[in-house]
Amino acid sequence: DNSSTGIYADSGLDLDKLSITGNTISSNSGGGIYFNEISSAEVSFEDNTITNNGSTGLYLSGGGSSISYSTVTISGNTVSNNDSDGIYINVVTDSAIDILGNTVSSNSNSGIYLCAEGECTNSTLNINENSVSGNGYNGIYLYSIFGSTVSVDENEILSNSETGLYFQYIGT
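Draft legend 1. Inspection of the sheet that holds strand 6 (residues 42–46) at higher detail. One open sheet accounts for six strands, arranged 2-6-10-14-18-21; its pairing is parallel. Two strands in the sheet have a free side with no partner beyond their single neighbour: strand 2 (17–21) and strand 21 (149–153). Strand-to-strand, the axes of this sheet are offset by a mean angle of 5 degrees, without reference to chain direction. Across five bridges, strand 2 lies against strand 6 in parallel orientation.

Draft legend 2. Region of the structure containing the pattern of salt bridges. Counting across every chain of the model gives one salt bridge. The partner of Lys-17 in a salt bridge is Glu-42, with the nearest N and O atoms 3.8 Å apart. Remark: Glu-42 occurs in strand 6 and Lys-17 occurs in strand 2; sequence separation between them is 25 residues. By relative accessible area, Lys-17 is classed as exposed at 61%.

Draft legend 3. Focus on the packing of aromatic side chains. Using the criterion set out here, one finds 10 aromatic pairs in the structure. With centroids separated by 4.8 Å and ring planes inclined at 20 degrees, the aromatic side chains of Tyr-34 and Tyr-59 adopt a geometry described as stacked. Of the two residues, Tyr-34 is situated in strand 4 (residues 33–35) and Tyr-59 in strand 8 (residues 58–60); the sequence distance between them amounts to 25 residues. Summarising the aromatic geometry, the rings of Tyr-141 and Tyr-166 are spaced 5.0 Å apart at their centres and angled 5 degrees between planes, so their arrangement reads as stacked. In this pair, Tyr-141 is assigned in strand 20 (residues 140–146) and Tyr-166 in strand 23 (residues 165–171), connecting sequence segments 25 residues apart. Residue class for Tyr-166 comes out partly exposed when judged on its relative accessible area of 29%. Feature note: the residues Tyr-8, Tyr-34, Tyr-59, Tyr-88, Tyr-113, Tyr-137, Tyr-141, Tyr-143, Tyr-166 and Tyr-169 constitute an aromatic cluster, connected by ring pairs.

About the thresholds
Residues numbered from 1 in each chain as written. Predicted model: local features only at pLDDT ≥ 70, side-chain atom pairs only at ≥ 80, totals over all residues. Heavy atoms only, no water. Pairing = 2+ DSSP bridges. Helix = DSSP H or I, 4+ residues; strand = E, 2+ residues; numbered from the N terminus. Axes fitted to C-alpha atoms, helices over the stretch in contact; angles between N-to-C directions. Salt bridge = Lys/Arg side-chain N within 4 Å of Asp/Glu carboxyl O. Buried < 20%, exposed > 50% of the residue type's maximum accessible area, 1.4 Å probe, protein only. Phe/Tyr/Trp six-rings, centres within 6.5 Å; stacked < 30°, edge-to-face > 60°.

Dropping the structure here:
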């Protein structure tokens, strides 16, 4: 019940490893979790409940920044009823992103939106074993991915308002 974002990290966060685990992030007027930039780090978001926020549930690499030379794991979270996308990741370069075993449901926009406004290059992107349902736009939306390895396996994608799995601007 914060007047802005539940957990916020701006540019300049200088860590080798960060784990955000087992939290309830709910009913914030802004987003649930917002990270502006991740560089040369290992970051995990595991077993959190991120619900009923006034914007995106989990938003990574906003404000023109990026995820670079990093490993990001998003695993075992419940991300639901947020007033935008459930999980939104913008620009990714030379990194590994693992989105595994999450329940992403009933968000106003897409359930999982990857490489959203920028692009993902030279990265490994794994979106596996998630349940993605009842979102107001696409279930999983992959946009502008180049020179990367992408795995979308064993997800349950049901009853989203638009396309279940949408690829746009994917190339080498």
